[in-house]
Amino acid sequence: MTARDWALRYAKAGWRVYPVDPGAKKACFTGWQQNATTDPEIIEGIWRQEPTPNIGLICGEAFAVFVVEGPHLPAFFAYLDAGGYVLPETPFCSTGRGGLHLYVKSIASVSTTRKLHLADTHIGEFKTTGGVVAPPSITVSRYRWLWWPDPVVVAEAPGWLRSLLADPSGVAPGVRQGEERAARPGRRSSDPAAALDALARAVRDQPAGNRNAVLFWAACRALEEGIRADIATAVLRRAALAAGLPDAESRATIRSALRRAGVLV
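For the structure given in this document, a descriptive report is provided here. (Residues numbered from 1 in each chain as written. Predicted model: local features only at pLDDT ≥ 70, side-chain atom pairs only at ≥ 80, totals over all residues. Heavy atoms only, no water.)

**Considerations on the overall build of the protein**
Going by this rule: Think of it this way: any DSSP run of H or I at least four residues long counts as a helix, any run of E at least two long counts as a strand, and we number them from the N terminus. For every residue, the accessible area (1.4 Å probe, protein chains only) is compared with the maximum for its type, and the residue is labelled buried under 20%, exposed over 50%, or partly exposed between those bounds. Areas reported as accessible are Shrake-Rupley estimates using a 1.4 Å probe. Residue values count occlusion only from the protein chains shown.
Within the protein, the regular secondary structure consists of nine helices and nine strands. A total of 265 residues make up the protein; the buried ones form 47% of that total. Of the roughly 12800 Å² of accessible surface on the protein, a fraction of 51% belongs to carbon and sulfur atoms.

What follows is the structure in structure tokens.
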């Protein structure tokens, strides 16, 4: 589907859209908060342009968004695994920088954007206002839906996800003022073989509900580690089979990750 097709689909769901500069996250015009639209005629005109604008969506009306930054996804999925949690059945996508956007219903008690903390590390934010870039936009790489229900249903944020919200001052849950540590940026492992083994374990040990999302992330991360695509595919495919994913589904998910990384498949 083209960007125009998706913009129309979002509008049909009641999500107001606005054009974003191609390859970027900045709105094409000022006043986008007020002028974002669900009008199909306006959308047809905007997304007829070339190069096609990226798509922005207004937060805080039909949904809010949990944003988990790419370098912190391993810790985030480890948290899910340790608690036996599963991602809610709600739209979620990978971002242009390899992060994760989870679309949920607004939380009445949270009216401003908040930081997310896992233990004492800042891992992202909960966006309740402003805008968010949506698939199939391209920044560093393409935004892709990992779960898109049809018809669109946005779920309530489960308690385990809400528990990551910092208080209004930005302090991590259970952390006293002044005790936050700086988040450590992601980097390549010094041992790619060990990294691939850890990624395979993450895929193999995921409960039902997260497995495709984790497999997609693990394949992307393996390529970032410099691991050959054929080796990563073989190892992660075996791990996905052990987790209970059908082989055809596992292959399709890994192919999607390879395409996102620009690897010919």
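**Details of the sheet that holds strand β4 (residues 92-94)**
In a beta sheet, neighbouring strands are held together by backbone hydrogen bonds and run either parallel or antiparallel to one another. So the rule is basically this: When DSSP finds two or more bridges between two strands, those strands count as paired. The convention used is that axes are lines fitted to C-alpha atoms, helices contributing only their stretch in contact, and that angles between N-to-C directions extend from 0 to 180 degrees.
Read across the open sheet, the six strands follow the order β6-β7-β3-β5-β4-β9; overall the sheet is antiparallel. Since the sheet does not close on itself, it has two edges, and those belong to β6 (114-118) and β9 (144-147), each with one partner. Neighbouring strand axes in the sheet, compared pairwise and without regard to direction, differ in orientation by 30° on average. Of the pairings in the sheet, the one linking β4 to strand β5 (residues 100-104) comprises three bridges and is antiparallel in character. Following the sheet pairing, F92 is matched in β5 by L102.

**Let's talk about the packing of helix α6 (residues 192-204) against helix α8 (residues 229-243)**
Inclusion rule: Each angle is binned into one of four classes, with values under 35 degrees roughly parallel, values over 145 roughly antiparallel, values of 65 to 115 roughly perpendicular, and all other values oblique. Helix crossings are classified by the rotation of the near helix relative to the far one: an anticlockwise turn of less than a right angle makes the crossing left-handed, while a clockwise turn makes it right-handed. When checking whether two residues touch, look at their non-hydrogen atoms; a contact exists if any pair is within 4.5 Å. Only Asp, Glu, Lys and Arg are considered charged, only Ala, Val, Leu, Ile, Met, Phe, Trp, Tyr, Cys and Pro nonpolar, and every remaining residue, Gly among them, polar.
One way to put it is that α6 packs onto α8 with a least axis distance of 8 Å and a crossing angle of 25°. By the angle between their directions, the pair α6 and α8 is classed as roughly parallel. In this structure, α6 crosses over α8, and the sense of that crossing is right-handed. Between α6 and α8, the residues in contact are L196, L199, A200, V203 and R204 and I231, A232, V235, L236, A239, A240, A242 and A243, respectively. When the residues that make up the contact of α6 with α8 are grouped by side-chain class, the tally is 12 nonpolar, no polar and one charged.

**Details of the sheet that holds strand β2 (residues 54-58)**
Read from one edge to the other, the open sheet built from three strands follows the order β1-β2-β8, with strand pairing classed as antiparallel. At either end of the open sheet lies a strand with only one pairing partner, and these are β1 (17-20) and β8 (131-134). Across the sheet, the mean angle separating the axes of adjacent strands is 40° when strand polarity is ignored. Alignment of β1 against β2, held across four bridges, turns out to be antiparallel. Looking at β2, one finds that V20 is bridged to N54. Docked against the sheet, helix α1 (residues 3-12) engages β1, β2 and β8, running at close to 10° with respect to β2.

**Considerations on the environment of A27**
In this fold, A27 is placed in the loop between β1 and α2 (32-35). On the basis of relative accessibility, which here comes to 12%, the residue A27 falls in the buried class. Measuring from C-alpha to C-alpha, the distance between A27 and I55 comes to 8.8 Å, with 28 residues separating the pair along the chain. Once you skip the residues sitting within four places of it in the chain, A27 turns out to touch Y18, P19, V20, D21 and W32.

Read these as spatial facts, not as claims about activity.
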